[in-house]
Structure formats: C-alpha cells, structure tokens
Amino acid sequence: MTNWLIFCEESGDKGIPWTSGSSDFYVITGILVREDDEEAFKNTIEHFKYKELRLKQPLEWKKLTGKIKRDDSKLSRFLRKIDINSPQFLVTNVICNKHETNGPGLVDRNVFMNYLYGLMFKRICRFLYKTKSRAKLIIDRNTDPIAQESLRKYISDISRFYTGEHPRHSKPKWLNPEDHPILGLADFISGVTLRSLTDYYYNVNESCKKCDKLYHIYTCKTSNFGYYRSYKYIHDWNYEVLVNWDWRGLIYHPFEYKDNYKHLFVPR
C-alpha cells in the first residue's frame, strides 16, 4: 500500500462575489508525493530554489520580488528543474474565476473555501480508494480555528460520501508555507497560476481567446500572453498514468461557463 503526503495551499482572497480590489481568481493547489520520497523532494526544491532563483529564504510566492515574479524565463527554468530532478509527484489545481461564480450559498467565506477544496477531494479520495493508498494531509494554516475545523469536517464527509468508507487520509496538519519546502512549492504554484490567469484575463487579445487550437497559446508568436512558459509547466504536470488510475489533471472550473480559456485547460 502506498502512503502519500498531500500538501495544499491557495492564492487569492476568498471574498465572493467579486468586489473591486479583490483578486479575480482564487486558486487552490495540491501536491501529492509518496511519503518515502519526501526528503528527496524537499532537497530538490531547496537546491534549485537557490540555484535558479537565488533565494536563501523559504520558498513563498508573496515574499518574492516583483522582478522574479515577472521573469517567466527564470520561473520556467526553476519549474523545469523541479520536474526533471524530483521523484514522482502529482499536481492538482482548483481554479475559480470569481466573475463567473455564483450561488447564494457561496457568499460565506468558509463555505466558499470548503466548496473548492471539496472539488479537489472528490477526486483525491477516489484516487486513494481506487489505488488502495493512504495519505497524510498538510494544509496552509492561513485560516482561523473555526474555518479549520469546518474544512476538516467537510473533507472527511466528502471522502465518506464518495467512497462509502472512512477517509483514507489523516486529519489535516496545519503549517505555514515557510515551514515546509513542498508546501512552499504549492504556494509558489498557486501564485504563478493566479498571476498567469490574471494576465490572460485582462490582457490577451480577444482573437486569441477565441482560438480553437488547443494549447496554441504556448507556441503562438503573435499572442500577448506574457507567461506561457511557466504556466505550461504547471499545466503539463497534471498528466500521469498510475496503477488503477489515469491522472488527468484534476483541473476544475467551478463556474457556469466552462468553455472559457478552453485552449489552456481542456485535457489532452
């Protein structure tokens, strides 16, 4: 039986409906890695964090300088090195476009966060069930104790409902991103994703958004999408073939019109 570690972090504010000044997107990232590979994965992140980004402090998106955040070449090189040199790991994103998210029950910040985490864990708990695996959860502690308990119970209930058995994952352990390199990487991926989507949402030509060529945004020489290289690596991590499971990205769109940006997100 495989024992996994699941690290979850988010980027953007939880306020919904959208108001002026709040983030346009809310992104949750989960990273799964086998428990036996934790130390090797941590060491890889720490090594390339310094070698490629020249960071001595813990990896955390909000603490990076604006210059690094805008350097798509440097960021994509860092992500590529992580991909090539790390033991196997899986990435899952839940992406919410708040301009297209509605529902009377989602105005409460805790309910909104639970709903999005629930989208992720509907698949994760099925993955653990089908592969006969177990997992320990490590989640960012950027929530108050009431929200933490609400999320813990919600995830547990989701697992029971979708598998018909007790959860195959532990109760969450709450950590800060700077306390663990893999949680820091989840925070980094959420930050890159939020930045890329925001740039795409506001700046990409309307003709580009209507393009029906899947993934053409990553190679097109006329598009003004500024961060295609770094975001492409994150997107391409979402495909793995495992025993009893075909890992197809787990990228959700919890909003009404799911065809938006389909050339960025439609699975292969």
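Values in this document were obtained by computation on a predicted structure and should not be read as measured data.

So, how was this worked out
- Residues numbered from 1 in each chain as written.
- Predicted model: local features only at pLDDT ≥ 70, side-chain atom pairs only at ≥ 80, totals over all residues.
- Heavy atoms only, no water.
- Core = buried A, V, L, I, M, F, W, Y, C linked by side-chain atoms within 4.5 Å.
- Buried < 20%, exposed > 50% of the residue type's maximum accessible area, 1.4 Å probe, protein only.
- Helix = DSSP H or I, 4+ residues; strand = E, 2+ residues; numbered from the N terminus.
- Axes fitted to C-alpha atoms, helices over the stretch in contact; angles between N-to-C directions.
- Parallel < 35°, antiparallel > 145°, perpendicular 65-115°, else oblique.
- Left-handed = near helix turned anticlockwise from the far one by under 90°.
- Contact = heavy atoms within 4.5 Å.
- Pairing = 2+ DSSP bridges.
- Right-handed = clockwise from strand over helix to strand, strands pointing away.
- Arc of directions from axis to C-beta.

**Examining the nonpolar core**
Here is a general trend for soluble globular proteins: nonpolar side chains tend to be buried in one another's company.
Next, step 1: Counting 33 residues, the largest nonpolar core has Leu-32, Leu-116, Tyr-117, Phe-121 and Phe-127 as its most contacted members.
Next, step 2: For this core, the secondary structure elements donating two or more residues are strand E1 (3-11), strand E2 (25-34), strand E3 (89-97), helix H4 (109-130), strand E4 (134-140), helix H5 (145-163) and strand E7 (245-248).
Next, step 3: Sorting elements by how many residues they give to this core places H4 first, with 11 residues.

**As for the packing of helix H6 (residues 181-203) against helix H8 (residues 228-236)**
Next, step 1: At a minimum axis distance of 10 Å, the contact between H6 and H8 shows a crossing angle of 125 degrees. With respect to H8, the axis of H6 lies oblique. Crossing of H6 over H8 shows left-handed handedness. For the pair formed by H6 and H8, the contact residues are Ile-189, Val-192, Thr-193, Arg-195 and Ser-196 on the first element and Ser-230, Tyr-231 and Ile-234 on the second.

**Comments concerning the pairing of E4**
Next, step 1: The buried count for E4 comes to five of seven residues, which makes it a mostly enclosed element.
Next, step 2: Across three bridges, the pairing between E4 and strand E5 (residues 173-175) is parallel. The residue of E5 that forms the bridge with Asp-140 is Leu-175.
Next, step 3: Once you follow E4 into H5 and on to E5, the crossover reads as right-handed.

**Points about the pairing of E7**
Two faces belong to every sheet, and in a regular strand the side chains alternate between them.
Next, step 1: Residues Trp-245 and Trp-247 of E7 are buried on one face, while the alternating residues Asp-246 and Arg-248, pointing to the opposite face, are not.
Next, step 2: Bridge count between strand E6 (residues 239-242) and E7: four bridges; the pairing is antiparallel. From the neighbouring strand, Glu-240 faces E7, where its bridge partner is Trp-247.
Next, step 3: From the end of E6 to the start of E7, which pair antiparallel, there are two residues, and Asn-244 there has a positive phi angle of about 70 degrees.

**Examining H8**
Next, step 1: Within H8, the full set of buried residues consists of Ser-230, Tyr-231, Ile-234 and His-235. In a view along the axis of H8, the buried residues occupy a sector of 135 degrees, so they form one face of it.

**A word on the sheet that holds E3**
Next, step 1: Strand order in this open sheet of five strands is E3-E2-E1-E4-E5, and the pairing throughout is mixed. In this open sheet, the two edge strands, each paired with only one partner strand, are E3 and E5. Looking at each pair of strands side by side, their axes are set apart by 20 degrees on average, direction ignored.
Next, step 2: The sheet contact formed by E1 and E4 spans six bridges and is parallel. The partner of Phe-7 across the bridge, within E4, is Ile-138.
Next, step 3: In the packing of helix H1 (residues 38-53) onto the sheet, the strands contacted are E1, E2 and E3, and the crossing angle to E2 comes to about 125 degrees.
Next, step 4: Here H4 sits on the sheet and contacts E1, E2, E3 and E4; the angle it forms with E2, its principal contact strand, is near 25 degrees.

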